[in-house]
Every structure is written in C-alpha cells, then in structure tokens.
There are 2 protein chains.
Amino acid sequence: MATIKDIANKLGIAVSTVSKGLNGASDISDDMRQLVLDTAVEMGYASKKMKTTTTRKVCIFIENMDYENIDQFGYDIIVGFKLSAARRRWEVTVVPSSLTLQTEEKYDTYMLKNGYSGAFFLGFTLHDDWVMQLNKTTVPTVLLDNYIERNNHVGYVGTDSEEGIDLAVDHLKELGHTKIAFLNGSKNSMVSDQRYSAFVNSMNKHGLPLDENLIEFGYYVPDCAKYHVPSFLKNGATAIICASDLIATGVMAEVVKHGLKVPGDISVIGFDDLPIASQLSPPLTTIRQDRIDLGKSAFLLLDGLIHNVSISKLLQRAKFIKRQSTAPCKNRPANKSTVK
Amino acid sequence: MATIKDIANKLGIAVSTVSKGLNGASDISDDMRQLVLDTAVEMGYASKKMKTTTTRKVCIFIENMDYENIDQFGYDIIVGFKLSAARRRWEVTVVPSSLTLQTEEKYDTYMLKNGYSGAFFLGFTLHDDWVMQLNKTTVPTVLLDNYIERNNHVGYVGTDSEEGIDLAVDHLKELGHTKIAFLNGSKNSMVSDQRYSAFVNSMNKHGLPLDENLIEFGYYVPDCAKYHVPSFLKNGATAIICASDLIATGVMAEVVKHGLKVPGDISVIGFDDLPIASQLSPPLTTIRQDRIDLGKSAFLLLDGLIHNVSISKLLQRAKFIKRQSTAPCKNRPANKSTVK
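Residues numbered from 1 in each chain as written. Chains lettered and ligands numbered in written order. Predicted model: local features only at pLDDT ≥ 70, side-chain atom pairs only at ≥ 80, totals over all residues. Heavy atoms only, no water.

The name an unreviewed UniProt entry gives chain A is LacI family transcriptional regulator, with Anaerocolumna chitinilytica as the organism.

Pasting the structure below:
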C-alpha cells in the first residue's frame, strides 16, 4: 500500500505538497491537487486513507430513479438507508448523479476528495462510467439490483425475485389459472433475467404449462403493455404477472381496452407495491419490495464492506400482497376478446 | 399478539402464575411452567417477549460440525460471529445440539425459556426436528448453508459457490485443461446443488465440454474419492475440482495410488481452505470460504432479523487460493493410468 512519501517520490514533489493535496488545503493549485488525488488513487492510497478517516461519511449516488416524493420508488430506500446509518452514527449525503459528474472525475478520486468511506448506487446501469470502474475500485460500494463479479469491495442488494414470483404463481394456481402470462421488464437487465428464470422455475414447479407466446420482455413503463397484451389475450391467457406495478397499470388499461374486465376476465399481478398500487381501480395485487428494508439492508451491507467483510449478495424477502386485481379463473376461451 | 392476560384466560389460571412461568420463578411447578411456556409460544407471545427483553442474548446451536480446535471448520465461524456480536454488545452462548435437546422441547419454547433473542444454526440438516419447525417460527434465526422458504424470521448465510467454482474453472482453463472433472458432495444438499449448477454454468461459459462421466456426487468425506476417481481417470480427466478440501485429500491419495502425480499428471482443486489445505503435499490450490467473515455475516444477518429487516439470503465472496496442486495441462491421453 502506497504512503504519502511514495506519492511524493513518484511525482517528484514535497511530502507536504502531497499532504496539502490530499487534505484540500487552499494554498496549492487545483491542477496540482487533482494530480495528487489521481496519483493517490492509482497507487492504491485511497482505501487506506478512507479506512483511517475519523469522519464517518458515506453517500448515496442516485440516477434514473425518482426519489424526491414519498410516492416514488427511491424515497423509502433512502429513508431506510439513513435510518440504519443514523443508528450507527454515520452521516449520509445524497448526490444526484449525472453524466458530467461521472466524466469529470474517476469514482475513486471523487470519493477520496470528498472524504466518503463508501457509497450506495441507486438506479445506475452497467453502462455508466462509474459502474464500469467498479471492477477495480477499492472503495466499499453497494449497488441496488446490479452485481459486479470478483471484487471484494462491491456488494449487491436486492429483493428475492425467485420467491416473489413463486408466491404470485402459487396464488394464481390456487385460483384455478393455468394459462398465466408474464410481461417482463427490459432485456439485458439482471433483475429481468432473474424474474424470467423465477417465472420459468415456478411454472415448472407448479406443473403448469410454459407457453412461449405468453412470456415477453418489455420495458419498465406502462406503455409496453400495448405491444404484448393483445397477443397474450389472443393466446388465451387468463392471468398476467407483470415485472413492475407500472407495467401492471398499462396492462390493466390494455385489458379494459379489449372489452375485458380485471379481475373478472383477466387477473393481473404487479411487482414492487408502489404507493399507487393500492389506489388503482381495482387495487392491485402485487409482490412487495419493502423499500425501507432494502435501504436498511444496503447500509448493513455497506457497513460490512467498510469493515472488510466481503459480502457479495444480500437479498430481501418479497412479500405477497393480495388486493382486488386477481380472481378465480373463469376458463375464458381463447380469441374471445376483440379490440374496440 | 397475545398478552399475559390472554394466556391466563386460556389456561384458566391467574395472571401472576403466567408471569411466574414466563420469568422462571421457583415457586411454581415445572409442569405448570412448561404449560405456560408452550401456550405462550402457541399464542404468538414469544416474539413479543423476545423483542422487549432488556438482556441482549443470542445463541449458536451446533451439530454435525467440529468446532473446538482452530483446525476445525466451525471454529473460525464462531469466532467471527462472537467478534461481530461483541461490537454490538450482544452476549453469545454456544449450545451443542443433540437429538434429545430437539425432541425434549420445541425450538420456540426453548428460546423463550432461555431468554435468547435469536439463534444461528451451524451444521444442521433439513431433517432435524428444530429445522423442520423453522417454517413457522417467529424467532429470528440464521442458518448456515440452508434456506427456509417464506418465513420472514429466518435467513440463510453462505459462501457464493457460483463465483468460487467459476474462479476454479477459469484457472484450469488458463492452464490449458479442457477435460475437467467435478467431484461433488452429498446429493440432496442445497450447497451441493448450487455447486453442481455453478460447475455446469461455468464450463458452458468457458466453452468447455461437459462430460457426464466427469461429474459425480459423493459425500463430504475423503473416502468417496475411491468410488469416482478411477472412472474420472479412465475417461481422460486432467483436472479434478472437489466440493471440499476433505474430498480433495481423498482424490490426491487416489490419484497417487493410480501411479499418477499431482499436479504433474492431474491437477486437483479443493473448496473451503481448511487449515490443513496448506499443509498437504503438494499444498492444495483451493477456493476459500472465509469462515471468520461467514460468522461476522451471520451475526449481521441475525441483527437485521432481530430488528425486523427480513433478509432472506446473504452470500459471502469466495476467494481463489493458488498453491501447488495445479499445473499446466500435459494433455494426458485417456487410459494411461493403471491401478497398481
């Protein structure tokens, strides 16, 4: 592990200058400070400095996810994270991320400069610059719903989709449904892949027929329903499991557009249990991701990583929430529906 | 949630007698105490009592696992658990389990009677009485290497076999091996199933041929090697991945018995990194389960469950430990070996 002296030697500058650069003193130039920080990160000094720091500061980077109102997906996750952090007397800063932030500076440099001991990434994709740097980072980092291979400093937190989807299939089978469709989120997302396997495994486990025409990838938006629901209906689906509540809102609207009723003709199940789920008409039966607990778990995991416990995955239980969008199967024959 | 009064009403006895039963007072009979405790558990009083208790006591039940010496698998797990618990000021008791203990009393009753807020189960199987009660327990409980479906009070902790096996296959492929055999642990074990899928997935991912003759389930003891290694050798294996270090010791001995050298003719990889792994001749290349960290993680999980964060799974990173039991592939032709 590099020392301040190693950094000074490498740059051919005084130890005191390196120290000023690392500690944000005002009497050196910004360029010199940046050079010191970048070199410190390159030489592996960053993690050492972070571990011996006396301030207990972590941050949440958030991107592509709404979190400012209580109705939005990210809100409770942040609340849960802060609650857990407060119990352990850690300070939490929420930093809305942007392309500029990520291109301006390397992730490790940013963390070192700002004195954070670790971070929680919310809503990022694997293509983000900073996420692509995570296979080499030495900064304790937790990702929601994304997994980085082979780096002891990075962990993944999420909800157990396997059990969640299984609870939904279980419920529909008990209601007599056998032609169950699954409208997934985007392709190339780890969570969509998990939910796809979960659906296939659960249908097999329940002895229900798998029909390729009843399984589709869409996007995590209501609008994707119109591209897939017509074919589900044509192929005789009597129930549709959706990979998110937002998708389910689109599916319910589309079913109604075809002159059918939810749940009288078609049962619909969501995923997430967003606050809107109980406000829909009919109120949505769904698989709950407890977002407060997800936030708490994310902090537990980050705290573990900061203390060198190399946790790779932490999954939260999914909970089945029965409301009014599911009903006993009426054995609706295929092709009954017509678009008005 | 039942109150002391509900319990008194149900049993037709005084509230003060219930209270004495719950608090272990000496002036009521053992039979009456047992009746009060069993009724309290049945009526769901147990978890409430545990959550409001002021003593912070948890326990580790251990069975089928050696843990008394530093060389044994369970030792470091218990050390790690105690370290993490001590940081949060929890008292830990280690309770060697036995059939008698489990048949004498229900798990929840035992926990209530002894004032434990939660437990960590080490070395149990799914057939143990107390494990079979876990689908209904309200006591925060963590299991090593076993998973209980659909109960928010129970969590599973283990090592990420998927990544561990993948690191082993990666290493062997780099050394030029293509005919890689896998000697697994017992059938009907969750961990063996995980390692089996991990091996299949990793071989596919690396574009290596899967040969049914080179994949076998055995037992987690050295002796199982003699039943499978001869056929691996006959079928041209040049490397053998084992599901535990103990299996690997048996495999190495069996390879030598066939007049072949480790690693000159056959590379061998273990799993666990027990203290003996580095003492073997040659020292064993293996996949490390960090047992101190497993123990620490188990406590983190239990602490989460005690605080109502319903974590279902927590996986620890596996680490690849390169020693001398693996070497570049010499393309050993099939059937070269002969049993002496």
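**Observations regarding the packing of aromatic side chains**
All names here are of chain A. Across all of its chains, the model carries 26 aromatic pairs over all chains by this definition. Measuring from centroid to centroid gives 6.2 Å for F61 and Y107, while their planes differ by 75°, and the two rings are edge-to-face. Of this pair, F61 sits in strand β1 (residues 57–62) while Y107 sits in helix α7 (residues 107–114), placing them 46 residues apart in sequence. For the pair shown, F61 and Y107 are each scored as buried. (Phe/Tyr/Trp six-rings, centres within 6.5 Å; stacked < 30°, edge-to-face > 60°. Helix = DSSP H or I, 4+ residues; strand = E, 2+ residues; numbered from the N terminus. Buried < 20%, exposed > 50% of the residue type's maximum accessible area, 1.4 Å probe, protein only.)

**Brief notes about the interface of chain A and chain B**
Bring the parts together and some accessible area is lost; that lost area is often taken as the interface size. With 32 residues of chain A in contact, the opposing surface of chain B contributes 32 residues. Note on chain A versus chain B: buried area summed over both sides is about 2800 Å², and carbon and sulfur give 40% of it. Where chain A touches chain B, the interface holds ten salt bridges. In this structure, the salt-bridge partner of R150 of chain A is D170 of chain B, at a minimum N-O distance of 2.9 Å. Here chain A and chain B share 34 residue pairs in polar contact (both at pLDDT 80 or more) between them. Considered class by class, the residues forming the side of chain A that touches chain B number nine nonpolar, nine polar and 14 charged. Note: strand β11 (residues 311–316) of chain A against strand β11 (residues 311–316) of chain B, five bridges, orientation antiparallel. (Contact = heavy atoms within 4.5 Å. Buried area = accessible area lost by both parts, 1.4 Å probe. Salt bridge = Lys/Arg side-chain N within 4 Å of Asp/Glu carboxyl O. Polar contact = N/O pair within 3.5 Å; in protein donor to acceptor, adjacent residues only side chain to side chain. Nonpolar A, V, L, I, M, F, W, Y, C, P; charged D, E, K, R; others polar. Pairing = 2+ DSSP bridges.)

**Considerations on the nonpolar core**
Counting 58 residues, the largest nonpolar core has F120 of chain A together with F120 of chain B as its most contacted members. Look past the residues within four positions of F120 of chain B in its chain and what remains in contact with it is C59, I60, F61, I77, F81, V142, L143, L144, V157 and A298 of chain B. (Core = buried A, V, L, I, M, F, W, Y, C linked by side-chain atoms within 4.5 Å.)

**So, the sheet that holds β1 of chain A**
If you walk across this open sheet you meet the twelve strands as β2(A)-β1(A)-β3(A)-β4(A)-β5(A)-β11(A)-β11(B)-β5(B)-β4(B)-β3(B)-β1(B)-β2(B), and the pairing is mixed. The open sheet is flanked by β2 (91–96) of chain A together with β2 (91–96) of chain B, the only strands paired with a single partner. For this sheet, the mean angle separating the axes of adjacent strands, direction not counted, is 20°. Sheet strands touched by helix α7 (residues 107–114) of chain B: β1 (57–62), β2, β3 (118–122) and β4 (141–144) of chain B. Its angle to β1 of chain B, the strand with the most contacts, is close to 140°. (Axes fitted to C-alpha atoms, helices over the stretch in contact; angles between N-to-C directions.)

**Remarks on the packing of helix α5 (residues 73–87) of chain B against helix α13 (residues 291–306) of chain B**
Residues and elements named next belong to chain B. Following both chains from N to C, one finds α5 and α13 inclined at 45°, their axes separated by 6 Å at the closest point. Between α5 and α13, the angle is such that the two are oblique. Handedness of the crossing formed by α5 with α13: right-handed. Taking contact as the criterion, the partners of F73, D76, I77, V79, G80, F81, L83, S84 and A85 in α5 are, on α13, R291, I292, L294, G295, K296, A298, F299 and L302. Here the contact of α5 with α13 is built from residues that sort into eleven nonpolar, three polar and three charged. (Parallel < 35°, antiparallel > 145°, perpendicular 65-115°, else oblique. Left-handed = near helix turned anticlockwise from the far one by under 90°.)

**Brief notes about the pairing of β1 of chain B**
Residues and elements named next belong to chain B. With five of six residues buried, β1 is to be regarded as a mostly interior element. Pairing between β1 and β2: six bridges, direction parallel. Paired with F61 across the strands is V95, a residue of β2. Following the backbone out of β1, through α5 and into the adjacent parallel β2, one traces a crossover that is right-handed. Pairing analysis gives five bridges linking β1 to β3, with the strands arranged parallel. Within β3, the residue paired with I60 across the bridge is F120. (Right-handed = clockwise from strand over helix to strand, strands pointing away.)

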